[in-house]
Amino acid sequence: TPRINGTPIDGGNYQSKGIKKIEVYGYENPTTVNVTGITLSQTEAAVTIGGETLTLTATVAPDDATDKTVTWTSSDPTVATVANGVVTAVAAGTATITATATNGTDDTTDDKTATCTITVTDPDQEAADAVLALFDALPVADAVTLNDKEAIEAARAAYDALTDEQKALVTPEDLAKLTAAEEALAALEATGVENIQGNVKNVKTMVNGQIFIIRGDKTYTLQGQEVK
């Protein structure tokens, strides 16, 4: 234990009045235990926009480290933010969350770090992308045939099922492709009915009154009689 020994000063107005010795005692600083490592509860995770937050837990080693202070940072706050280990999704993308054990000093040479890769997904964008994939699979208007009817109707049904927020992610140009395909299909179907009407007498004569007109699996109604 460090100490200071002194001899009383005699004389003057500050004489020691018989004190023989002065000893001043102090306390040495306790032994500092530095951080040797840090780990996170997860190294990879996925979060969704508008969903629940994700909480990461940092474990500092050793247990008896003098200062277990941890700071948190995000490599891209426009994708995900972090505060005290709580991760919040901002936009679709990937960000790295870093936890740093600082030993309570400004010296960064003895810092220990651990990271977690966060993948942020946007459910609205995913729903819109699924519909866009159906649009992309449609033929251009000039190439539409009656066989494309099912795909065209499926694309329309998928688009109509989107929420307003999801529909806003579908561009007018993308929607125009669906509309053009629908118009081309309607024109083909109208032409098919006209052809049936023009040939129905001959078909009736040939098959003794029973009408069989094959145009894919389309069902037509002609003069009150269902024609397949």
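Keep in mind that what you see is a predicted model, and the values were worked out from it rather than measured. (Residues numbered from 1 in each chain as written. Predicted model: local features only at pLDDT ≥ 70, side-chain atom pairs only at ≥ 80, totals over all residues. Heavy atoms only, no water.)

A. Expanded view of the nonpolar core. The biggest cluster of nonpolar side chains holds 23 residues, and the ones touching the most others in it are V87 and I118. Sorting the residues of this core by element identifies strand 3 (37-40), strand 4 (44-48), strand 8 (80-83), strand 9 (86-89), strand 10 (93-101) and strand 11 (112-121) as the ones contributing at least two each. Residues within four places of I118 in sequence aside, it is in contact with A45, V47, L54, A80, V87, G93, T94, A95 and I97. In this structure, V131, Y159, A181 and L185 belong to the second largest nonpolar core, which totals 15 residues. (Core = buried A, V, L, I, M, F, W, Y, C linked by side-chain atoms within 4.5 Å. Buried < 20%, exposed > 50% of the residue type's maximum accessible area, 1.4 Å probe, protein only. Helix = DSSP H or I, 4+ residues; strand = E, 2+ residues; numbered from the N terminus. Contact = heavy atoms within 4.5 Å.)

B. View of the environment of A137. Here A137 shows up in helix 1 (residues 123-137). Since its relative accessible area comes to 63%, A137 is described here as exposed. Residues A137 and A155, 18 residues apart in the sequence, show an inter-C-alpha distance of 9.3 Å.

C. Region of interest: the packing of aromatic side chains. As enumerated under the stated definition, the model contains 1 aromatic pair in all. Judged by centre distance (6.3 Å) and plane angle (40 degrees), the rings of F135 and Y159 are tilted. Here Y159 lies in helix 2 (residues 149-160) and F135 lies in helix 1, a separation of 24 residues in the sequence. Under the relative-accessibility criterion, Y159 is labelled buried at 12%. Positioned over the ring face of Y159 is K167, at 5.3 Å from the centre of the ring. (Phe/Tyr/Trp six-rings, centres within 6.5 Å; stacked < 30°, edge-to-face > 60°. Lys NZ or Arg CZ within 6 Å of the ring centre and 35° of its normal.)

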